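An overview of the molecular structure
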Amino acid sequence: MPNAYISGTGGYVPPRIVTNDDLRTQYGMDTTHEWIVQRTGIEQRHFAEEGICSADMGVHAAEKAIANAGLEKTDIDMIIFATLSPRHAFPGDGVYLQEKLGLCAAGRFIPALDIRNQCSGFVYGLATASSMVQSGQVKHVLLVGGETHSAALDLSTRGRTVSSLFGDGAGAVVVSPTEEDRGIRGWYLGADGRYADVLAQRVWNMSKRPYVPTREEDGVGEVAPEMLWANMDGKLVFKNAVERMIQCYMQACFDQKIDQSDIDLFLFHQANLRINQMVAQMLNIPEEKTIHNIQRYGNTTAATIPLLMAEAVETGRLKPGMKVACVAFGSGFTWGSAIIDW
Ligand code: UT7
């Protein structure tokens, strides 16, 4: 059985920067730069222009990752796309990415799989991609995490608790086989459906008729704000995130029979700088072993870890031979960790 390793990384954020002050001055949100920085560490985020979707940003990230892997697009044998903000309810963004990459035109009708695990979508995707590669059934898997949050944020004061946190972007990796003694050593995933409604966007409800609430009998009407926008119990998410990230990281170390001090670099999901600082503090992780970019991008959900990974490779912070831990937690609740020998 071959090992599965990350052969290429790439990241992309749309050009438009929205600062905390812009939320106030451009969108009329009653907030302050100080409040957002103090609670979350976020200073700015990037918003895509209308017309741009997660798959569009995913293409940019994917092209970089494929080039960095020294491959051609047609070398890719499978696509996995993790997002909570696909263009449509169905189909998922994986097939849109395939078409936008030109793979259909090239006759590469490879499988495209969509992952719906929100902030832990990338780690779930990494577990899936590495298992696929190790099975020998496929060679190179393109795993993309991409989000277009800006289209679905209530940027008024009513939505400030949620909408000040999120930004748009995409990150991609290529997972490939190797006979070398390196790669994705193991992963640990978990979920707790008791908390499914704690962080959710319930824009429709298939148990109801009609499944989208309407005002008029002819089906024309308005979706109520509590259905249209994401809802979150922030304090409950915060508390569970800290507990689960610690637990799933420790479990992955235990499974791999490694000591916590063996880890050279931590790539935490970028949901809130304070969550990650608390996790690091409770695990006695020295600051120099963690990196963050939430200050510049906000929470880009499935894209945070691959974006961070791509930047770490680009800046030379992540080098071959390093032992890396990826840890994520999010809506569902779902969580996951992965240990990688880079
Ligand atoms: O991947 C998972 C994604 N989600 C998360 O990671 C979220 C985890 N949770 C958090 O990060 C924090 O709970 C938040 C940063 C979201 C909120 O911080 P908090 O300390 O839990 O604040 P809160 O929700 O209890 O709100 C405190 C006050 C409220 O005002 P009142 O009711 O006390 O008058 C909010 O309306 O802060 C207000 N507030 C804001 N004020 C200025 C909420 N958002 C804002 C804002 N600007 N953007």
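Refer to the structure above for everything that follows.
Residues numbered from 1 in each chain as written. Predicted model: local features only at pLDDT ≥ 70, side-chain atom pairs only at ≥ 80, totals over all residues. Heavy atoms only, no water.

**Some words on the overall build of the protein chain**
Looking only at helices and strands, the protein chain has 11 helices and 13 strands in total. A compact globule built from 342 residues should have a C-alpha radius of gyration of about 20 Å, and the protein chain, at 20 Å, falls within 12% of that. With the principal axes as the frame, the protein chain shows a C-alpha extent of 60 × 50 × 35 Å. Counting only residues that meet the buried cut, the protein chain has 54% of its 342 residues in that class. Within the protein chain, the 39 negative side-chain charges are centred at a point lying 3 Å from the centre of the 30 positive side-chain charges. (Helix = DSSP H or I, 4+ residues; strand = E, 2+ residues; numbered from the N terminus. Rg over C-alpha atoms; globule rule 2.2 N^0.38 Å. Buried < 20%, exposed > 50% of the residue type's maximum accessible area, 1.4 Å probe, protein only. Lys, Arg positive; Asp, Glu negative; His and termini not counted. Charge placed at Lys NZ, Arg CZ, Asp CG, Glu CD.)

**Examining a nonpolar patch on the surface**
Taken together, the side chains of Trp-204, Met-206 and Tyr-211 make up a nonpolar region of the molecular surface, amounting to roughly 330 Å² of accessible area. By the element assignment, Met-206 lies in the loop between strand 9 (199-200) and helix 7 (225-228). The class of Met-206 is exposed, set by a relative accessible area of 51%. (Patch = residues over 30% accessible without salt bridge, like charges linked within 9 Å, V, L, I, M, F, W, Y side chains within 5 Å. Areas by Shrake-Rupley, 256 points an atom, 1.4 Å probe, with all protein chains shown as cover. Salt bridge = Lys/Arg side-chain N within 4 Å of Asp/Glu carboxyl O.)

**Things to note about the packing of aromatic side chains**
Here the structure, examined in full by the defined rule, presents 7 aromatic pairs. Here the aromatic rings of Tyr-195 and Phe-333 are separated by 4.7 Å at their centres, their planes lie at 15°, and the arrangement is stacked. Of the two residues, Tyr-195 is situated in the loop between strand 8 (183-191) and strand 9 and Phe-333 in the loop between strand 12 (323-330) and strand 13 (334-341); the sequence distance between them amounts to 138 residues. Using a relative accessible area of 22% as the deciding quantity, one classes Tyr-195 as partly exposed. (Phe/Tyr/Trp six-rings, centres within 6.5 Å; stacked < 30°, edge-to-face > 60°.)

**Focus on helix 4 (residues 93-100)**
Where helix 4 is concerned, the buried positions are Asp-93, Gly-94, Leu-97 and Gln-98. The arc that holds every buried residue of helix 4, seen down its axis, measures 145°, which confines them to one face. The inward-facing, buried residues of helix 4 contact helix 3 (54-68), strand 4 (78-82), strand 5 (112-115) and strand 6 (141-147). With its phi angle positive at about 85°, Gly-102 sits one or two positions after the end of helix 4. (Arc of directions from axis to C-beta. Contact = heavy atoms within 4.5 Å.)

Everything listed here is a matter of coordinates, which is why it stays silent on function.
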